[in-house]
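Each chain, written out:
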Amino acid sequence: MRNYFVKRLLLIVPTLLGISLVSFLIIHLTPGDPALLKLGDTDQRSGNQLLAAQIIDETRALYGLDQPLHVQYLRWLKRIVTFDFGESLRDHRPVIDKLRERIPVSVKLSGISLLFAYLISIPLGIHSATHPYSISDRITTILLFGLYSLPNFWIATMAIVYLGGGDFWNVFPVYGLASPNAANWSWWQRVEDELWHLVLPITCLTYYTLAVLSRYMRVGMIEIIRQDFIRTARAKGLGERIIVYRHALRNSLIPIVTLMADLLPALIGGSIVVETLFSIPGMGSLSYEAVYTRDYPLLMAIFTLSALLTLLGILLADFLYTLVDPRIGYEKSATA
Amino acid sequence: MMRRIIFLPLAFLIFVSGCTRPGTTSETGAADAGQPVQGDWAVVRFESEPDNLNPLITQLGTARYALTGVNNSQIYEFLMAYNPKDWDLTEPLLATAPPAISDNHLTYTFTIRDGVKWHDGQPLRPDDVVFTFKAAACPLADTAALRSFLTDLADIQVDGRSVRFIMVKPNVYNVDNIANELAIIPKHVFDAEGLLDSFSYKDIVGPKGKSDPKIKKFADQFNAHAANRAPVGTGPYKFEKWESGRELVLTRNEDYWGKKPYLDKIVYRMITDYTAALTALKAGDLDVMPRLLPIQYTEQTGGATFDQQFAKVKYSIPQEAAILWNNERPFFKDKRVRQAMTMLVDRQKIIDGIRLGLGKIGISFLDPNTKDFNPNIKPLPYDPKRAADLLDEAGWKDHDGDGIRDKDGVKFKFEFVGSSGSQIFKQLSPVLTEEFRKAGIEMTERVIEFSVMLQSLKDHRFDASTLNFSHGDLSPADAFQVWHSSAAAGGSNFSNFKNPEADRLLEQARLEFDAEKRKQLYWRWQEIVNDEQPVTFVYYVEESGAYSKRFRNGQWLPLRPGYDLNSWWVPKGLQKYKSSANP
């Protein structure tokens with residue numbers, strides 16, 4: 001088993017290499033040229049004749065874009081083995097600094113929201129599954145489908161208009177993660193302030209995931225509960241609590257564990273919608289900006305990082321399978 | 001030499017604004033009362049975070065607004081500014097007067113103001129001016145956008161306090177290119193080691209510029225310099241702090257050489273979403289919201305409570321929305337067809353329906369407030385009947401009876417390309433499709449990303465498209481790079497407009513130093529463009545904003561970004577922020 005995971009870990013290296021090559025090609029072969037974009041203000045490409053062409057060439061040389069693609073890729077690879085992601089084309093700051101600024105914000109947002117989503121959805125799903133078609137199950141089903149169908153940009157905008165002061169209730173702050181004067185406050189006040197700022201964005205991030213997850217949980221659980229071994233357990237006279245939490249729950253967690261593979265990349269992925277609406281400088285808006293301005297080094301860093309986390313996430317999920325279901329093993333003997 | 005013209009996707013969702021300067025009208029909300037006093041802050045909404053705070057490198061409007069304010073002077077300053085009378089570039093700033101120009105229009109001599117201090121206490125020297133131009137011209141510096149203004153500059157010489165710029169060829173717009181494009185930056189900050197000292201401007205633009213290790217070292221340092229995030233300027237406001245993604249704070253420079261502004265601080269607060277920003281304004285977190293969405297201006301900013309606290313402004317900026325026709329396509333080759341297309345576009349309906357009234361029918365490439373604008377030109381009317389006649393006349397008739405016009409076996413079917421995220425494109429497209437369908441023309445739409453769209457426009461791989469022309473100022477200097485036939489290959493003449501007389505007029509205008517004669521050339525040129533209709537000018541953009549009524553003398557200049565905080569002040573009793581406290 002340990003061998004298996006060591007092997008899997010080692011496999012990540014060539015896989016990552018492959019992914020990085022493909023990403024590199026996609027990024028560089030997409031139409032749009034950062035040097036051209038630099039010739040003007042954002043979105044401008046002011047035209048001119050020969051001299052403009054010369055300026056573009058100079059700028060391409062500045063970014064090393066004048067080299068053939070394979071040279072550029074090898075250069076990138078050479079840098080990356082020392083964890084040097086290069087400089088952003090936009091402001092010449094090291095890419096790693098920009099990521100360092102943004103990742104904690106996104107991890108905080110996504111982390112809390114995912115935590116809530118799992119904490120609420122699993123018990124909710126279990127409850128629905130153990131009381132199928134009861135009034136409470138029907139109500140949660142309708143409610144969750146309702147939430148599932150509401151786009152979060154709409155919910156967020158409504159929350160901003162009605163709860164952010166202005167013409168209606170002034171309950172929550174609607175931009176950023178801290179009050180403007182928070183720097184002068186005590187530690188505890190700052191924490192309280194930040195939590196207060198987090199309420200709306202977290203809610204907008206959570207409800208959708210929550211709706212999806214609890215449905216998965218419910219379906220998985222219902223399926224298990226109808227199986228023979230549960231009937232056997234009941235026949236043995238075990239209490240309902242033990243049946244549900246010891247025998248059924250672990251089996252029904254498998255689909256949820258599968259979803260966990262996406263967990264790690266989701267943590268740093270960020271959400272463009274929520275970040276834009278609530279003016280939160282996270283990874284979502286950074287990635288969007290990077291695409292928009294063709295900031296190649298930054299894009300590559302984001303792609304590689306997400307790829308790495310996805311691979312680790314899959315590995316983690318595979319490992320968790322063995323925990324929730326002892327029948328799953330990765331020994332040679334088991335598969336032979 | 002290239003002028004700053006910006007092509008914007010029509011009302012982009014996350015609006016990235018350019019560096020346009022003069023606009024047009026302005027209104028003042030709060031009445032003046034009493035003697036201006038110092039104190040209080042202005043908290044202004046920023047819709048996007050600056051990319052960096054180096055005026056030679058930045059590409060974002062927000063950075064420029066913070067760095068050089070509304071009229072070339074805030075943290076950094078230019079050599080010259082616009083005068084508030086006719087918005088000509090005649091107001092001296094770091095230069096003591098407009099330049100002395102040699103008879104052959106090749107040498108421009110500026111005298112650099114004495115007694116000006118950088119924010120770190122060092123005096124401003126003529127060397128700083130030369131250094132600024134050297135840094136901008138450096139091929140390895142990330143200054144591509146500005147470098148395009150320097151292509152006609154041959155050399156710079158210093159003599160005492162005067163700096164002489166020697167140009168390659170005469171051009172009416174040479175002064176603008178020198179005094180109105182580069183904010184002067186401190187040499188002692190950006191080149192403390194004096195790496196560029198041993199090189200003249202000529203050296204740097206020459207072959208040495210690309211190869212010399214010293215220049216390369218300078219460029220690398222310059223591109224990533226710490227002062228790119230903490231600028232040291234000469235202007236009326238000093239940089240205080242920049243909290244990434246949150247706010248940018250400036251404080252008044254008590255040692256300013258000129259007239260000191262009244263507000264203690266300017267706080268630019270980053271709020272990316274328009275709804276959140278308006279909510280923040282109403283909740284008192286913001287004092288100035290420089291740009292409102294049309295729906296916010298007409299529907300969401302009213303009522304007794306709002307009017308009691310806030311004043312609203314409407315101001316126009318030199319920017320117009322246009323539909324580009326690819327003049328090389330078989331159906332758009334004939335000017336009668338292009339005229340017909342314009343007559344099929346109900347521009348007033350578009351302004352009323354989509355811009356909610358914020359705009360004026362487009363007439364010409366020049367803003368109506370430009371001195372060279374030809375007021376005799378009447379926009380073509382919305383007239384589907386006359387359009388149909390013109391199409392018939394041009395030979396585009398429905399020969400095979402399928403409801404779509406055709407000529408020589410070519411059907412009048414074209415694709416209208418717009419950028420993703422452009423709200424107005426989404427609203428405009430169905431209106432046009434319907435209008436054209438009724439006239440027997442089939443239009444399909446395709447949405448692509450803006451930078452990809454620009455690439456296809458440049459390569460003329462499109463039938464029709466739409467974007468905003470956003471001008472750098474109120475001069476027609478940028479017309480050349482958008483309309484001259486030579487700019488069709490690799491330039492900004494996207495619609496492939498080629499007209500020998502129009503070319504000649506543009507060439508002559510750049511060399512005509514007599515303002516009155518130049519005006520005649522531009523008038524004639526506008527007549528030709530109006531007759532040829534290479535594009536359909538849809539509307540001139542008007543913007544709207546709102547700000548707190550506690551400000552007195554709340555002036556909005558016809559320059560981007562509008563608000564002129566240098567003149568705003570708050571009576572003692574109404575002051576909201578004390579300098580010691582935070583807002």
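Everything quoted here is computed from the prediction, not taken from an experiment.

1. Comments concerning the overall build of chain B
Moving on, step 1. In terms of regular secondary structure, chain B is built from 19 helices and 20 strands.
Moving on, step 2. In terms of overall size, chain B behaves like a compact globule, its C-alpha atoms giving a radius of gyration of 25 Å where 583 residues would be expected to give roughly 25 Å.
Moving on, step 3. Overall, the C-alpha framework of chain B stretches about 80 × 65 × 40 Å when taken along its three principal axes.
Moving on, step 4. Across the 583 residues of chain B, 64% fall into the buried class.
Moving on, step 5. Residue pairs in contact within chain B that sit at least 24 positions apart in sequence constitute 70% of those at least 6 positions apart.

2. Topic: the overall build of chain A
Moving on, step 1. Broken down by element type, chain A carries 16 helices and zero strands.
Moving on, step 2. Expressed as lengths along the three principal axes of its C-alpha atoms, the size of chain A is roughly 85 × 65 × 40 Å.
Moving on, step 3. For chain A, the residues scored as buried account for 48% of the 336 residues in total.
Moving on, step 4. Within chain A, residue pairs in contact and separated by at least 24 positions form 73% of the contacts whose partners lie at least 6 positions apart.
Moving on, step 5. Of the roughly 16800 Å² of accessible surface on chain A, a fraction of 69% belongs to carbon and sulfur atoms.

3. Looking at the side chain of Arg215 of chain A
Residue and element names in this part refer to chain A.
Moving on, step 1. Within the fold, Arg215 resides in helix H8 (residues 187–225).
Moving on, step 2. For the buried Arg215, no salt bridge exists, and the shortest N-O distance to an oppositely charged side chain is 4.4 Å, to Asp137.
Moving on, step 3. If sequence neighbours within four positions are ignored, Arg215 has contacts with Ser128, Asp137, Thr141, Leu144 and Phe145.

4. A closer look at the packing of helix H1 (residues 2–29) of chain A against helix H15 (residues 296–324) of chain A
All names here are of chain A.
Moving on, step 1. It is the contact of H1 with H15, at a shortest axis distance of 9 Å, that shows an interaxial angle of 150 degrees. The angle between H1 and H15 places the two elements in the roughly antiparallel class. For the pair H1 and H15, the crossing hand works out as right-handed.
Moving on, step 2. Residue composition of the contact of H1 with H15, grouped by class: 19 nonpolar, five polar and two charged.

5. A look at the sheet that holds strand E5 (residues 100–101) of chain B
Residue and element names in this part refer to chain B.
Moving on, step 1. Pairing within the open sheet is antiparallel, and its four strands lie in the order E5-E6-E8-E7. The two strands at the open ends of the sheet, each matched to only one other strand, are E5 and strand E7 (153–159).
Moving on, step 2. By the bridge criterion, two bridges tie E5 to strand E6 (residues 107–111) in an arrangement that is antiparallel. Looking at the pairing, Ala100 lines up with Thr109 of E6.
Moving on, step 3. Against the sheet, helix H2 (residues 126–137) engages E7 and strand E8 (162–167), with an angle of about 165 degrees to E7.

6. Quick notes on the pattern of salt bridges
If charged atoms from side chains of opposite charge come close, those side chains can pair.
Moving on, step 1. Throughout the structure, instances matching the rule amount to 43 salt bridges over all chains.
Moving on, step 2. The closest approach of N and O atoms between Asp392 of chain B and Arg405 of chain B, which form a salt bridge, is 2.7 Å. Placement of Asp392 of chain B in helix H14 (residues 384–393) and of Arg405 of chain B in the loop between H14 and strand E15 (406–407) is noted, with a sequence separation of 13 residues between them.
Moving on, step 3. For Asp392 of chain B, a relative accessible area of 30% translates into the label partly exposed.
Moving on, step 4. Ionic contacts of the salt-bridge type, sharing partners, join the residues Glu58 of chain A together with Arg147 and Lys210 of chain B into one network.

7. Some details on the packing of aromatic side chains
Moving on, step 1. Inspection of the entire model under this criterion finds 43 aromatic pairs over all chains.
Moving on, step 2. A ring pair is formed by Phe306 of chain B and Phe310 of chain B, whose centres lie 4.9 Å apart and whose planes are at 35 degrees; its orientation type is tilted.
Moving on, step 3. The exposure class assigned to Phe306 of chain B is buried, which follows from its relative accessible area of 5%.
Moving on, step 4. Clustering of aromatic rings is evident, with ring pairs tying together Trp325, Phe331, Phe332, Trp396, Phe412, Phe414 and Phe436 of chain B.
Moving on, step 5. Directly above the ring of Tyr133 of chain A sits Arg218 of chain A, whose terminal nitrogen or CZ lies 5.7 Å from the centroid.
Moving on, step 6. Of note, Arg229 of chain B hangs over the ring of Trp242 of chain B, and the distance from its end group to the ring centre comes to 4.1 Å.

8. Some thoughts on the environment of Arg90 of chain A
Moving on, step 1. If you trace the backbone, Arg90 of chain A turns up in the loop between helix H4 (69–80) and helix H5 (95–130).
Moving on, step 2. Given a relative accessible area of 12%, Arg90 of chain A falls into the buried group.
Moving on, step 3. With near-sequence residues (within four places) excluded, Arg90 of chain A lies in contact with Lys38, Lys98, Glu289, Thr293 and Asp295 of chain A together with Glu49, Asp51, Asn52 and Leu60 of chain B.

9. Some details on the environment of Met217 of chain A
All names here are of chain A.
Moving on, step 1. Here Met217 shows up in helix H8.
Moving on, step 2. For Met217, a relative accessible area of 0% gives the class buried.
Moving on, step 3. Considering only alpha carbons, one finds Met217 and Leu124, 93 residues apart in sequence, at a separation of 8.2 Å.
Moving on, step 4. With residues near it in sequence (within four places) discarded, Met217 still touches Ser121, Ile122, Gly125, Ile126, Leu249, Ser252, Leu253 and Ile256.

10. Digging into the packing of helix H12 (residues 335–343) of chain B against H14 of chain B
Residue and element names in this part refer to chain B.
Moving on, step 1. Axis separation between H12 and H14 bottoms out at 8 Å; the angle between their running directions is 160 degrees. Overall, the two elements H12 and H14 adopt an arrangement that is roughly antiparallel. Between H12 and H14 lies a crossing whose hand is left-handed. Contacts between H12 and H14 involve Arg336, Val337, Gln339, Ala340 and Met343 from the first element and Pro384, Arg386, Ala387, Leu390, Leu391 and Glu393 from the second.
Moving on, step 2. Considered class by class, the residues forming the contact of H12 with H14 number seven nonpolar, one polar and three charged.

11. Description of the environment of Leu249 of chain A
All names here are of chain A.
Moving on, step 1. Checked against the element boundaries, Leu249 lands in helix H10 (residues 240–252).
Moving on, step 2. Judged by relative accessible area, which is 15%, Leu249 ranks as buried.
Moving on, step 3. As a C-alpha pair, Leu249 and Gly239 span ten residues in sequence and 14 Å in three-dimensional space.
Moving on, step 4. For Leu249, the residues in contact, after removing those within four places along its chain, are Ile126, Met217, Met221 and Val244.

12. Topic: the pairing of strand E9 (residues 237–243) of chain B
Side-chain positions along a regular strand alternate between the two faces of the sheet.
Moving on, step 1. Here E9 of chain B pairs with strand E10 (residues 247–252) of chain B via six bridges, running antiparallel. Across the sheet, the residue bridging to Trp242 of chain B is Leu248 of chain B, located in E10 of chain B.

13. So, helix H19 (residues 515–532) of chain B
Residue and element names in this part refer to chain B.
Moving on, step 1. With 18 residues, H19 extends 26 Å from end C-alpha to end C-alpha; this agrees with the ideal 26 Å at 1.5 Å per step.
Moving on, step 2. Of the residues making up H19, those classed as buried are Arg518, Leu521, Tyr522, Trp523, Trp525, Gln526, Ile528, Val529, Asn530 and Glu532.
Moving on, step 3. Against the buried residues of H19 lie H12, helix H17 (479–483), helix H18 (500–511) and strand E20 (535–548).
Moving on, step 4. Where H19 begins, the capping side chain belongs to Asp514, and its oxygen is found 2.9 Å from the backbone nitrogen of Glu516.
Moving on, step 5. One or two steps after H19, the chain reaches Gln533, where phi turns positive at roughly 45 degrees.

14. What to know about H18 of chain B
Residue and element names in this part refer to chain B.
Moving on, step 1. Helix length check: H18 (twelve residues) gives 17 Å between terminal C-alpha atoms against 16 Å at 1.5 Å per residue, within 8%.
Moving on, step 2. Turning to H18, its buried residues are Ala502, Asp503, Leu505, Leu506, Ala509 and Arg510. Burial along H18 is one-sided: seen end-on, the buried residues are contained in an arc of 165 degrees.
Moving on, step 3. Those residues of H18 that are buried lie in contact with H17 and H19.

15. Things to note about a nonpolar patch on the surface
Moving on, step 1. A surface patch of nonpolar side chains, amounting to about 540 Å² of accessible area, comprises Tyr162, Phe168, Trp169, Val171 and Trp196 of chain A.
Moving on, step 2. Turning to its location among the elements, Trp196 of chain A is positioned in helix H8.

16. Focus on the pairing of strand E17 (residues 413–419) of chain B
Residues and elements named next belong to chain B.
Moving on, step 1. Of all the seven residues making up E17, five are buried; the element is thus mostly covered by neighbouring parts of the structure.
Moving on, step 2. By the bridge criterion, seven bridges tie E17 to strand E18 (residues 442–448) in an arrangement that is parallel. Among the inter-strand pairings, Phe414 is bridged to a residue of E18, identified as Met443.
Moving on, step 3. Traced from E17 through helix H15 (residues 423–438) to E18, the parallel crossover comes out right-handed.
Moving on, step 4. With two bridges connecting them, E17 and strand E19 (residues 464–471) associate as parallel partners. By the bridge assignment for E19, Phe416 is matched with Ala464.

17. Digging into the confidence of the model for chain A
Moving on, step 1. Overall, the predicted model of chain A reaches an average pLDDT of 86, with 94% of residues at or above 70.
Moving on, step 2. Ignoring residues within four places in sequence, the model shows residues 41–50 of chain A, a span with pLDDT below 50, making 48 contacts including any to other chains.

18. What about the confidence of the model for chain B?
Residue and element names in this part refer to chain B.
Moving on, step 1. Chain-level statistics for chain B give a pLDDT mean of 89 and a share of 93% at 70 or above.
Moving on, step 2. Scored below 50 in pLDDT, residues 10–31 shows 107 contacts in the model against residues more than four places distant or in partner chains.
Moving on, step 3. In the predicted complex, the global pTM is 0.87; the interface-specific ipTM is 0.84.

Reading the values: the criteria
- Along each chain, residue indices are assigned from 1 in the same order as the chain's sequence is written.
- Just so you know, chain letters begin at A and ligand numbers begin at 1, following the order they were written in.
- Since the coordinates come from a predicted model, pLDDT governs what is reported: local features require at least 70, and pairs of side-chain atoms require 80 or more to be given and counted, while whole-chain, interface and lining totals use all residues.
- Computation of side-chain values covers all heavy atoms of the structure but excludes hydrogens and water.
- The helix count covers DSSP runs of H or I at least four residues long, the strand count covers runs of E at least two residues long, and both are numbered beginning at the N terminus.
- As defined in this context, the radius of gyration uses C-alpha atoms, and a globule is described by 2.2 Å times the residue total to the power 0.38.
- The classification of residues rests on relative accessible area computed with a 1.4 Å probe and restricted to protein chains. Under 20% of the type maximum is buried, over 50% is exposed, and intermediate values are partly exposed.
- By definition in these notes, contact holds between two residues if any of their heavy atoms fall within 4.5 Å.
- Note on areas: these come from Shrake-Rupley sampling with a 1.4 Å probe, and a residue is covered only by the protein chains present in the view.
- The charge count includes Lys and Arg as positive and Asp and Glu as negative, but it does not include His or the ends of the chains.
- We count a salt bridge whenever a side-chain nitrogen from Lys or Arg sits within 4 Å of a carboxyl oxygen from Asp or Glu.
- Each axis is a line fitted through C-alpha atoms, and for a helix only the stretch in contact is used; angles between axes span 0 to 180 degrees, taken between their N-to-C directions.
- Angles below 35 degrees are treated as roughly parallel, those above 145 as roughly antiparallel, those between 65 and 115 as roughly perpendicular, and all remaining angles as oblique.
- In this scheme, a crossing is called left-handed if the near helix is turned counterclockwise away from the far one by less than a right angle; it is called right-handed if the turn is clockwise.
- Residues were grouped as follows: Ala, Val, Leu, Ile, Met, Phe, Trp, Tyr, Cys and Pro as nonpolar; Asp, Glu, Lys and Arg as charged; and all remaining residues, including Gly, as polar.
- Each pair of strands is called paired provided DSSP finds at least two bridges between the two strands.
- Stacked, tilted and edge-to-face are the three classes applied to pairs of Phe, Tyr and Trp rings, where Trp contributes its six-membered ring and a pair requires centres within 6.5 Å; stacked means planes under 30 degrees apart, edge-to-face means over 60, and tilted covers the rest.
- A ring is scored as having a charge over it whenever the NZ atom of a lysine or the CZ atom of an arginine sits within 6 Å of its centre and within 35 degrees of its normal.
- What a helix should span is 1.5 Å times the count of its residues minus one.
- Pairs of N or O atoms within 3.5 Å make up the polar contacts considered here, provided that, within protein, one atom can donate a hydrogen while the other can accept it, and that residues adjacent in sequence are counted only when both atoms are side-chain atoms.
- Note that the arc is computed from the directions linking the helix axis to the C-beta atoms.
- Surface patches are defined over residues having more than 30% relative accessible area and no salt bridge, joining like charges when they lie within 9 Å and nonpolar side chains (Val, Leu, Ile, Met, Phe, Trp, Tyr) when within 5 Å.
- A clockwise course of the path from the first strand over the helix to the second, judged with the strands pointing away from the viewer, identifies a crossover as right-handed.
- The quantity known as pLDDT measures the predictor's confidence residue by residue, on a range of 0 to 100.

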